[in-house]
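# Structure at a glance
Take a look at the letters that make up each chain.
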Amino acid sequence: MFKDQKVSYSGVQPSGNLTIGNYLGAIRNFSEYSEQYKTFYCVVDQHAITVRQVPAELRRRTYETLALYMACGLDPEKNTLYVQSMVHEHAELAWILNCFTMFGELSRMTQFKDKSAKHADNINAGLFTYPTLMAADILLYQTDVVPVGIDQKQHVELCRDIAERFNQLYPGTFTVPQPIIAKHGMKIMSLADPTKKMSKSDENPNAVVYILDDRDSIIRKFKRAVTDSGSEIRYDEEKPGVSNLMTVYSCFTGKTLEEIEREFAGCGYGDFKLAVGEVTADALAPVQNRFAELLADKAYLEAQMKKGAEEASWYARRTLAKVQKKLGFVQL
Ligand code: TYM
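So, here's what we can say about the structure. (Residues numbered from 1 in each chain as written. Predicted model: local features only at pLDDT ≥ 70, side-chain atom pairs only at ≥ 80, totals over all residues. Heavy atoms only, no water.)

Time to look at the site of the ligand. Within the structure, the ligand sits among 27 residues, and Q13, Y130, D137, D151 and I188 are positioned closest to it. In the environment of the ligand, an oxygen atom lies 2.9 Å from a nitrogen or oxygen atom belonging to the backbone of G149. Here the ligand loses 97% of its free accessible area of 710 Å² to cover by the protein chains. A majority-of-atoms criterion places the ligand in the largest pocket. Every element with two or more residues in the shell around the ligand is listed here: β1 (7–12), α1 (20–30), α7 (125–140) and β4 (145–148). Classifying every residue of the shell around the ligand gives 12 nonpolar, 10 polar and 5 charged. (Near = heavy atom within 4 Å. Polar contact = N/O pair within 3.5 Å; in protein donor to acceptor, adjacent residues only side chain to side chain. Areas by Shrake-Rupley, 256 points an atom, 1.4 Å probe, with all protein chains shown as cover. 1 Å grid on protein atoms, 1.4 Å probe; cavity = no way out; pocket = protein on both sides within 12 Å on 5 of 7 lines; lining within 4 Å. Sits in = over half its atoms within 2 Å of the grid points. Helix = DSSP H or I, 4+ residues; strand = E, 2+ residues; numbered from the N terminus. Nonpolar A, V, L, I, M, F, W, Y, C, P; charged D, E, K, R; others polar.)

Once that is clear, we can look at the environment of A275. With respect to the element layout, A275 can be found in helix α12 (residues 269–295). A residue is classified by how much of its surface remains accessible, and A275, at 14% relative accessible area, is buried. Sequence spacing of A275 and F128 is 147 residues, and the spatial spacing of their C-alpha atoms is 42 Å. (Buried < 20%, exposed > 50% of the residue type's maximum accessible area, 1.4 Å probe, protein only.)

The next subject is the nonpolar core. Grouped together as the largest cluster of nonpolar side chains are 58 residues, with contacts concentrated most on I20, Y69, F222 and F272. For this core, the element with the most residues is α12, which contributes 10 residues. Excluding residues within four positions of it along the chain, Y69 makes contact with S10, G11, V12, I27, F30, Y41, C42, V43, L74 and L81. The next biggest cluster of nonpolar side chains, apart from the first, holds 41 residues, and it includes C42, A94, V156 and A312. (Core = buried A, V, L, I, M, F, W, Y, C linked by side-chain atoms within 4.5 Å. Contact = heavy atoms within 4.5 Å.)

Here the focus is empty space enclosed by the protein. According to the stated counting rule, one finds 3 cavities of 30 Å³ or more in the structure shown. Estimates place the volume of the largest cavity at around 60 Å³. Considered as a void within the structure, the second largest cavity measures approximately 50 Å³ in volume. Along its surface, the second largest cavity is lined by M109, Q111, F112, K115, L127, Y130, P131 and H155. At the level of elements, α6 (110–118) and α7 are the ones that each hand at least two residues to the lining of the second largest cavity. Of the residues in the lining of the second largest cavity, the class split is 5 nonpolar, 2 polar and 1 charged. (Points joined across faces, edges and corners; volume = space filled by probe spheres on them.)

Attention now goes to unusual backbone geometry. Not every positive phi belongs to a glycine, and Q142 is a case in point at roughly 50 degrees. Within the secondary structure layout, Q142 lies in the loop between α7 and β4. Judged by relative accessible area, Q142 falls into the buried class, the value being 8%.

Here we take up the layout of surface pockets. Considered as a void within the structure, the largest pocket measures approximately 1,200 Å³ in volume. Q111, D151, Q152, K197 and K200 are the residues nearest the centre of the largest pocket, which is lined by 44 residues in total. Those elements giving two or more residues to the lining of the largest pocket turn out to be β1, α1, α6, α7 and β4. Of the residues contributing to the lining of the largest pocket, the split by class is 15 nonpolar, 18 polar and 11 charged. Along its surface, the second largest pocket is lined by 15 residues, and K187, M189, Y235, S243 and T247 are the ones closest to its centre. Element by element, the count of residues in the lining of the second largest pocket is highest for helix α10 (residues 240–253), at 4 residues. Considered class by class, the residues forming the lining of the second largest pocket number 6 nonpolar, 5 polar and 4 charged.

Fair warning: the whole summary comes from geometry, so function is off the table for now.
Shown next, in the form of C-alpha cells:
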C-alpha cells in the first residue's frame with residue numbers, strides 16, 4: 001500500500017485516565033516514527049466497551065485521549081490520529097479474522113484470563129474476541145511496527161499468527177507486523193504493589209500516577225510508594241519497588257541505571273522518591289499545559305477527528321476490499 005514507506009500503528013483505549021505507564025510504555029514512543037514512517041494512532045473506543053462504560057465518560061475520554069496524543073507531541077499533520085468507531089472497516093475485518101482465529105488461541109490470552117477474573121459477571125464474547133479486533137486494527141493499515149508496552153506483546157504475536165495463516169491461504173494479503181517494545185518503560189509497575197502492572201483501572205488511586213495528576217499529587221504518590229527492605233538505591237529484580245522507581249527516573253531523565261545509582265549513592269529512599277516525583281512532575285507539566293489548551297477547543301478536536309477518520313478510511317477501505325476479493329465476496 002505504501003511502496004517506499006513503512007507503517008507504524010498503535011492504539012490506546014479511552015477507558016480511564018491515562019497513566020505514566022501508558023505514556024512511557026507507549027504514547028511517548030509513537031512520535032519516534034513520525035518522520036520516517038506512515039503513522040496511524042487510534043483511540044480504540046470499540047475495544048473499551050468490552051467492559052461496561054458510562055456513555056458520557058467514554059465520550060469525554062475519547063476527546064481527552066485524542067488531545068493527549070497531540071499534547072504528547074503527535075502532530076496531526078504528520079500522523080493520522082483518529083477514533084476507531086469512525087472507521088467501520090475495523091469491525092468488518094474483525095469479523096472476517098474471527099473466522100481465521102482459533103478458540104484455543106483466544107483462550108490462551110492472559111489479558112482475557114485476567115479480565116474475565118476481574119469482571120466475572122460480564123465475560124462477554126467481545127472480551128474473548130478482543131484480540132481479533134486488535135489484529136484487524138493493525139492489519140488494515142499493512143503495518144510494519146506496533147509500538148506497545150509488554151502487556152500487549154502477546155496480542156501482537158497472535159496478530160502475526162493470524163496474518164501468516166491468512167497469507168498462507170491467500171498469498172500477499174497482509175504485511176506481518178513486529179511488536180516494538182520500549183527498552184525502558186515497557187512495564188511500569190503499581191506504586192502500591194510493584195509486582196503488579198500500573199493500570200488505569202486500578203481501584204487504589206495511590207497506586208497509579210496519571211498523566212494529568214497535579215504536581216502535589218504526583219510528589220505525594222511517589223513519596224508513599226511501597227519500597228523494599230534496605231535503603232540502597234540499587235536496581236535489583238529482587239527489589240521491585242526501588243527498581244520500578246529507578247525505571248521511572250531513568251525514563252524521564254534519560255540517565256542510565258548506573259548513573260542513577262551513582263547519583264543517589266549514600267541517599268535514602270525518602271530523598272530518591274522525592275526526586276522521582278519532581279522529575280515526573282517537571283516532565284509532565286508541558287504535556288498538561290498543552291492538553292488544557294487543546295481540550296478547550298472542541299471544534300478543533302472534532303475537525304481533527306474528522307480529518308483523521310477520512311485519512312484512515314482511505315487506507316482501511318483498500319485493504320478490506322482486497323481481503324473481500326480474495327475471499328470470494330462479490331464486488332459490484
Ligand atoms: P491499553 O489502552 O491498555 O494501553 C495503551 C498502551 O499503554 C501500554 N501500557 C503500559 N506500558 C508500560 N507500563 C504500563 N504499566 C502500561 N500500561 C499500559 C500498553 O501496552 C499499550 O501499548 N489492546 C490495547 C489497545 C489497542 C492496540 C491496538 C494497541 C487496540 N488496538 C492495535 C496496538 C495496536 C490496549 O488495551 O492498550
